[in-house]
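Per-entry structural report
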Amino acid sequence: MMKSLSFSKITLLAGTILAFSACFKDLDTVPLDKDEITSAVVYDDPASYKKVLAKVYAGLSVSGQEGPSGQPDISGIDEGFGQYLRGYWYLQELPTDEAVIGWNDRTIKDLHEQDWDALDVFVAAFYSRIFYQIVLCNEFLRETTDAKLDSRNVDAGLRAEIQTYRAEVRFLRALSYWHALDLFRSVPFVTEADAVGAFFPQQISKEELFNFIEVEAREAALGMAEPHANEYGRADKAAAWMLLAKLYLNAEVYIGQPKYTECITYCNNVINAGYSLNPNFSQLFMADNHQATDEVIFPITFDGINTKTWGGTTFLVHAAVGGSMNPSDYGIDGGWAGTRTTSALVGKFPAVGGGSVLVAANEGNTGTYPVLQVPGSYQGWDPTNTNTVIASPGAAGNYEGYFWFDDGTEFKITDGPSWDVNYGDTGADGTLDLGGDNLLITGAGYYKLNVDLNALTYTLQKTDWGLIGSATADGWNSDQNMTYNATENAWTITADLVAGEVKFRANDDWALNYGDTGADALLEEGGDNIIIPSAGSYLIKLYIDKPDYTYSIELPSFDKRAMFYTNGQSLEIGDISKFTSGYAVTKFSNRTSTGSQGSDVTFCDTDFPLFRLADTYLMYAEAVLRGGSGGDMGTALDYINQLRERAYGSASGNITQGQLTLDFILDERARELLWEGSRRTDLVRFGRFSESGYLWPWKGGVKEGTSTNSKYNIYPIPASDLGANPNLVQNPGY
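No experiment lies behind these values; they were computed from the predicted model shown. Residue numbers here run from 1 along each chain, matching the order of that chain's written sequence. In keeping with the model being predicted, local features are shown solely for residues with a pLDDT of at least 70 and side-chain atom pairs are shown and tallied solely at 80 or more, while totals for entire chains, interfaces and linings include all residues. Calculation of side-chain values draws on the structure's entire complement of heavy atoms; hydrogens and water are dropped beforehand.

Axis lines are fitted to C-alpha atoms, over the contacting stretch for helices. Their N-to-C directions set the angle, which ranges from 0 to 180 degrees. The helix count covers DSSP runs of H or I at least four residues long, the strand count covers runs of E at least two residues long, and both are numbered beginning at the N terminus. The contact between helix H8 (residues 156-184) and helix H10 (residues 237-249) brings their axes to 10 Å, and the two run at 20 degrees. With respect to their mutual orientation, H8 and H10 come out roughly parallel. Crossing handedness for the pair H8 and H10: left-handed. The residues of H10 that touch H8, namely those facing Phe-171, Ala-174, Leu-175, Trp-178 and Leu-181, are Ala-239, Ala-240, Leu-243, Lys-246 and Leu-247. Taken together, the residues of the contact of H8 with H10 break down into 9 nonpolar, no polar and 1 charged. Our angle categories are set so that under 35 degrees counts as roughly parallel, over 145 as roughly antiparallel, 65 to 115 as roughly perpendicular, and the remainder as oblique. By definition, turning the near helix anticlockwise from the far helix through less than a right angle yields a left-handed crossing, and turning it clockwise yields a right-handed one. Throughout, a residue-residue contact means that at least one pair of heavy atoms, one from each residue, lies within 4.5 Å. Here the term charged refers only to Asp, Glu, Lys and Arg, the term nonpolar to Ala, Val, Leu, Ile, Met, Phe, Trp, Tyr, Cys and Pro, and the term polar to all other amino acids, Gly among them.

Put into structure tokens, the structure is as follows:
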């Protein structure tokens, strides 16, 4: 089943599922193959304990007894749709700003529109998958009690291993019950203490379920392997600590009691366990991410040969490829043209689409205008030098241009690339004289030279340039000074900007300023304000050494987590059913960090990092901001900036203490954990999911987005289970 923990085909006894037969008629199962055996004999082989443990882990990865389809674990839905991770991803990502899907399978579009009901097949499928997984865990625990081990004469060495297995299974059961709590709150409840057979499970309150998960995860951790000490793919103490941190972070939502101090405690446990950020962010989502154990705390493992499924990362990679994308670039044999993201999510990244150049310089019509030569001591008195000219882009006979002149520079103006017709200024009175005296510069600087051949006059204006606007640190109040770069013949500035507008102006005065009317990167005197789309550290260059005047805006180091495919894709989603409507997300790939293809071009090797250190850093910072004790703001800031330094490749994306707010954390979680199955939970915790002013495209089924009913903060108990079990009460509003 896994790269380290192998899975052998074993069907558990019919009682494995019968514990929930009153709730799930479609989950009733009996051995269908003459080669399949039941627990009456399976445990005669001591090796079977680990094989059955593998089956429990496999419940998170595969969807049935055969891969990729055939003999499904649950029925009533396509087997790929019913796989655990795919079902979880649907319910956690599709109702948010992070994902839309173009398919029209049954009720799938209801998820993004937030208008599902108790009959929704995708809600019912994952609900069933959760409890199938819990039943597997219960059966393993039921079959590994001391009494059962005594009856089978299990030796001491194997008993010690089995105790570790039991702790891991208790963790896995707590994990699924946490998913049930988070998505459904109050649910039917069964443990290994309940007898096998058909009965109506009681519904546990959200408070009681919270307490059960808390105790189970704590006790499980005591018996689990130390961090980094278990086989790859198996959970250790750090996985249990992560589960507890997540439980406590959301406690105020679940049970109305803040437990941020407890969250910090378990975050610290994980952080102090020797994990570190993988320097290669993209490798965390590639076919060789099993090597990223420095950061990944608990993965759901996949293998293109041994765990074939239409769910898991096979779904995540294939569904995200379409349009003009080349499937082989992602290590697969074809795209399914399904999933994309919304402009609301893309807008959280400073470099929209992941590129570093927002505005490229535009040469315009440079080289086509009438010119006058400006030979002088600064360029060897050469009237044929085409780089030292002033041009007439406007009214005939009126010329202008910019030059850097050192103190004491002398020059003249010639009409043509020769000395035949040349002008100077005898008397230094601003009037041009044919063959007159050299013009003299007093004081080094960047000068604007204007010449009117009609009136035979000229002006010289020394200029220093700055950037001003609502996007700058001081707004429209004062300039941010630019620096002249003689090598590039450009004025430059690197500045931290916010979303807003800017202009270029000379000498801290509005008498001479440039904007961009038409947004074509060509500057006009007094032109329109220039848009800065989002916050970031920008490199801006002003080129006025020759007409047409232009500029560039770059993010010299950009957020590498902005993993979008934009070629042929529109930013805005006009039609959800069209793959090219919305940016594609390229985060998950079936290629390795060295460029090799996975072991199979259809089924992916890429493991899913369910828990990783970056999330721990984000949880720690949020819990500190929410008032938890046991942490401090300085450490929280350091953790966040470690994430951003990896994302930017430098400290250029670092933030200050004042910028570390809860709103920032929510956006940073979206940037760091995009498509990792946490977004719905995060938005609910921040009060931004349903009934809120935070809108994104197609929320509520409206292109511009609209607020929805708060009942959608949790999912309904499926109508099929509600009708089968008289002990169940539906969630409010359904």
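Here the narrative resumes, following the displayed structure.
Moving on, we come to the nonpolar core. The term nonpolar core refers to a set of buried residues drawn from Ala, Val, Leu, Ile, Met, Phe, Trp, Tyr and Cys, joined through side-chain atoms within 4.5 Å. Here the term buried applies to any residue with accessible area under 20% of the maximum for its type, exposed to any over 50%, and partly exposed to those in between, with areas from a 1.4 Å probe on protein chains only. Among the nonpolar cores identified, the biggest contains 158 residues, and Tyr-90, Phe-171, Phe-298 and Phe-611 are the most heavily contacted of them. The biggest single contributor to this core is H8, with 15 residues. Not counting the four nearest positions on each side in its chain, Tyr-90 is found in contact with Phe-81, Pro-95, Ile-101, Trp-103, Ile-108, Leu-111, Phe-122 and Phe-315. Formed by 29 residues, the second largest nonpolar core is a distinct cluster that contains Tyr-402, Ile-493, Ala-495 and Ala-521.

Mapped onto the elements of the fold, Ile-130 is located in helix H6 (residues 121-142). The class for Ile-130 is buried, based on a relative accessible area of 0%. Each C-alpha atom, one on Ile-130 and one on Thr-483, is 61 Å from the other, the two residues being 353 residues apart in sequence. Setting aside anything within four residues of it in sequence, one finds Ile-130 in contact with Tyr-84, Ser-176, His-179, Ala-180, Leu-183 and Phe-184.

With that out of the way, let us pick up the pattern of salt bridges. By salt bridge we mean one thing: a side-chain nitrogen of Lys or Arg within 4 Å of a carboxyl oxygen of Asp or Glu. A complete count under the given rule lists 41 salt bridges for this structure. A salt bridge links Asp-146 to Arg-159, with the nearest nitrogen and oxygen atoms 4.0 Å apart. Highlighted residues: Asp-146 in helix H7 (residues 146-151) and Arg-159 in helix H8, separated in sequence by 13 residues. Asp-146 sits in the partly exposed class, given a relative accessible area of 48%. A salt bridge links Arg-173 to Glu-216; the nearest nitrogen and oxygen atoms lie 2.9 Å apart.

Two rings from Phe, Tyr or Trp (for Trp, the six-membered ring) form a pair when their centres are within 6.5 Å of each other. A pair whose planes differ by under 30 degrees is stacked, one over 60 is edge-to-face, and the rest are tilted. Scanning the model with the defined rule gives 51 aromatic pairs in all. Ring geometry for Trp-404 versus Tyr-484: centroids 5.3 Å apart, planes at 5 degrees, classification stacked. On the criterion of sequence distance, the pair formed by Trp-404 in strand E9 (residues 398-405) and Tyr-484 in strand E19 (residues 483-485) is long-range, its members being 80 residues apart. Owing to a relative accessible area of 38%, Trp-404 belongs among the partly exposed residues under this scheme. You can call Tyr-484 buried: its relative accessible area is 18%. Arranged with centres 5.0 Å apart and planes meeting at 15 degrees, the rings of Phe-405 and Phe-411 form a pair that is stacked. Residue Phe-405 is classed as buried on the basis of its relative accessible area, which comes to 0%. Residue Phe-411 is classed as buried on the basis of its relative accessible area of 0%. Aromatic ring contacts, followed pair by pair, group Trp-116, Tyr-127, Phe-131, Tyr-177, Phe-184, Phe-189, Phe-212, Tyr-712, Tyr-715 and Tyr-734 into a single cluster.

So, about helix H3 (residues 48-58). With 9 of 11 residues buried, H3 is to be regarded as a mostly interior element. Buried within H3 we find Ser-48, Tyr-49, Val-52, Leu-53, Ala-54, Lys-55, Val-56, Tyr-57 and Ala-58.

We now examine the confidence of the model for the chain. Predicted confidence across the chain gives a mean pLDDT of 91, with 93% of residues reaching 70 or more. The predictor's confidence in any single residue is recorded as pLDDT, a number from 0 to 100. The low-confidence segment residues 6-36 (pLDDT under 50) makes 71 contacts with residues lying over four places distant or belonging to another chain.

So, about helix H9 (residues 206-223). Counted at 1.5 Å a residue, the expected span for H9 with its 18 residues is 26 Å, and the 26 Å between its end C-alpha atoms agrees. Listed in full, the buried residues belonging to H9 are Leu-209, Phe-210, Phe-212, Ile-213, Glu-214, Glu-216, Ala-217, Ala-220 and Ala-221. Turning to H9, the residues buried within the fold contact H8, strand E2 (187-189), strand E3 (202-204), H10 and helix H11 (251-255). How far a helix is expected to stretch is found by multiplying one less than its residue total by 1.5 Å.

Now for the packing of helix H16 (residues 633-648) against helix H17 (residues 662-672). It is the contact of H16 with H17, at a shortest axis distance of 12 Å, that shows an interaxial angle of 40 degrees. Classified by the interaxial angle, the pair formed by H16 and H17 is oblique. In this structure, H16 meets H17 at a crossing whose hand is left-handed. On the side of H16, the interface is formed by Ile-640, Leu-643, Arg-644 and Arg-646, while H17 contributes Phe-664, Ile-665, Glu-668, Arg-671 and Glu-672. Looking at the contact of H16 with H17 residue by residue, the classes come out as 4 nonpolar, no polar and 5 charged.

Our focus in this paragraph is the pairing of strand E20 (residues 490-497). Of all 8 residues in E20, 6 are buried; the element is thus mostly enclosed. Between any two strands, pairing holds if DSSP finds at least two bridges. Sheet topology note: the E19/E20 ladder contains 3 bridges and is antiparallel. Looking at E20, one finds that Thr-483 is bridged to Thr-492. Taken together, E19 and the strand that follows it, E20, pair antiparallel across an intervening segment of 4 residues, in which Asn-489 is found at a positive phi of about 55 degrees.

Another aspect to go through is unusual backbone geometry. With the exception of glycine, the majority of residues adopt a negative phi angle, and the majority of peptide bonds are in the trans configuration. For the peptide bond that leads from Pro-547 to Asp-548, omega is -5 degrees, which places it in the cis range. Here Asp-548 is to be found in the loop between strand E25 (536-543) and strand E26 (550-554). With a phi angle near 75 degrees, His-228 is a residue other than glycine that sits in the positive phi range. Within the secondary structure, His-228 sits in the loop between H9 and H10. Given the relative accessible area of 42%, His-228 is considered partly exposed. Unusually for a residue other than glycine, Trp-675 sits at a positive phi of about 65 degrees. Among the secondary structure elements, Trp-675 is positioned in the loop between H17 and helix H18 (679-685). Under the relative-accessibility criterion, Trp-675 is labelled buried at 1%.

Our focus in this paragraph is the side chain of Asn-138. As for its placement among the helices and strands, Asn-138 is situated in helix H6. In this structure Asn-138 touches Arg-173, Val-190, Thr-191 and Glu-192, once residues within four positions along its chain are discounted.

On to the environment of Phe-122, then. Positionally, Phe-122 belongs in helix H6. Judged by its relative accessible area of 2%, Phe-122 falls in the buried class. Once the C-alpha coordinates of Phe-122 and Cys-604 are considered, the two residues, 482 residues apart in sequence, prove to be 23 Å apart. Each residue touching Phe-122, except ones within four places of it in the same chain, is listed here: Ile-77, Phe-81, Tyr-90, Leu-91, Asp-105, Arg-106, Thr-107, Ile-108 and Leu-111.

This part is about the state of the cysteines. Only a pair of cysteine sulfur atoms within 2.5 Å counts as a disulfide in this structure description. Per the counting criterion, the structure on display carries 0 disulfides. Here Cys-267 is not cross-linked by a disulfide; its sulfur's nearest cysteine counterpart is in Cys-263, at 4.0 Å. For Cys-267, a relative accessible area of 0% puts it in the buried group.

This next bit is on the sheet that holds E20. Strands sit in the order E6-E26-E25-E20-E19 across an open sheet of 5 strands; the sheet is antiparallel. Across the chains shown, the open sheet's two edge strands, defined by having one partner strand only, are strand E6 (357-359) and E19. Neighbouring strand axes in the sheet, compared pairwise and without regard to direction, differ in orientation by 30 degrees on average.

Looking now at the environment of Asp-420. With respect to the helices and strands, the residue Asp-420 is situated in the loop between strand E11 (413-414) and strand E12 (422-424). Given the relative accessible area of 71%, Asp-420 is considered exposed. Taking the C-alpha atoms as reference points, Asp-420 and Gly-435, 15 residues apart in sequence, are found 9.3 Å from one another. Between N or O atoms, a polar contact is any pair within 3.5 Å; within protein, one atom must be a potential hydrogen donor and the other a potential acceptor, and residues adjacent in sequence are included only when both atoms are from side chains. A polar contact of 3.3 Å, which involves the side chain of Asp-420, links it to the side chain of Ser-418.

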